Amino acid sequence: MNDLRTSPARREDAIRRWLPRVLRVAGCLLVPWIVALGLSVRRFGARNLANSWIWLDVIEVCALFLLAYLVRRRHPATSPVASATAVLLAMDAFFDLWSAHHGSDYRLAQVLAYAAELPSALMLAALSWYALPWAASGRSRRTVLPR
């Protein structure tokens, strides 16, 4: 553990190793939730606000998988994609809390917002800050814009 604190290169290697896995697992965990939401839409009818939540969650899954790919490769686009994904998660938490009905739906929205969506958004905001120098490194630029 001391090696990770003393060596920024080792710390970055560790982050590039475990963070993509965490992001892929989070994306995979959202898929059953999307299916459950999709099945509940039938209960309310085809044109309903619930359809918006399904597509928002689909966009979040795509963003998490894209971010896993970008982090693993130390890509210059990691910072803006992490920032946008953080905003998506925070917006999802806000609208879930705002639109949930009283009772069990509201309690579930609170649990998901405070235990998953907002902490994940904070982690992705930190990743966005952490990944800013990747865009400035010469190595990343060559992989994006070959001459």
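Residues numbered from 1 in each chain as written. Predicted model: local features only at pLDDT ≥ 70, side-chain atom pairs only at ≥ 80, totals over all residues. Heavy atoms only, no water.

(A) Focus on the environment of Ala93. Along the chain, Ala93 falls in helix α4 (residues 78–99). Distance from Ala93 to Ala116, taken between C-alpha atoms, is 9.0 Å for residues 23 residues apart in sequence. Here Ala93 is in contact with Ala113, Glu117 and Leu118, once residues within four sequence places are set aside. (Helix = DSSP H or I, 4+ residues; strand = E, 2+ residues; numbered from the N terminus. Contact = heavy atoms within 4.5 Å.)

(B) Fine view of the packing of aromatic side chains. Per the stated rule, a full pass over the model turns up four aromatic pairs. Their ring planes at 80 degrees and their centres at 5.9 Å tell us that Phe95 and Trp98 sit as a pair that is edge-to-face. Of this pair, Phe95 and Trp98 both sit in helix α4, three residues apart, which is roughly one turn of that helix. On the basis of relative accessibility, which here comes to 28%, the residue Phe95 falls in the partly exposed class. On the basis of relative accessible area, Trp98 is assigned to the exposed category, the value being 59%. In this structure an aromatic cluster arises from ring pairing among Trp53, Phe94, Phe95 and Trp98. (Phe/Tyr/Trp six-rings, centres within 6.5 Å; stacked < 30°, edge-to-face > 60°. Buried < 20%, exposed > 50% of the residue type's maximum accessible area, 1.4 Å probe, protein only.)

(C) Region of the structure containing the side chain of Glu117. As for its position among the elements, Glu117 is in helix α5 (residues 104–130). Buried within the structure, Glu117 lacks any salt-bridge partner; Arg107 is the closest side chain of opposite charge, at an N-O distance of 16 Å. Reaching out from Glu117, the side chain makes a polar contact with the backbone nitrogen of Ala93 at a distance of 3.5 Å. (Lys, Arg positive; Asp, Glu negative; His and termini not counted. Salt bridge = Lys/Arg side-chain N within 4 Å of Asp/Glu carboxyl O. Polar contact = N/O pair within 3.5 Å; in protein donor to acceptor, adjacent residues only side chain to side chain.)

(D) Representation of α5 in the model. With 27 residues, α5 ought to run about 39 Å at 1.5 Å a step, and its terminal C-alpha atoms sit 38 Å apart, in line with that. The sharpest bend along α5 reaches about 45 degrees and sits at Ala113. Within α5, burial applies to Ala109, Ala113, Glu117, Ala121, Leu124, Leu127 and Ser128. (Expected span 1.5 Å × (residues − 1). Bend = angle between axes of the 7 residues up to and from the residue.)

Nothing here speaks to function; it is all geometry.
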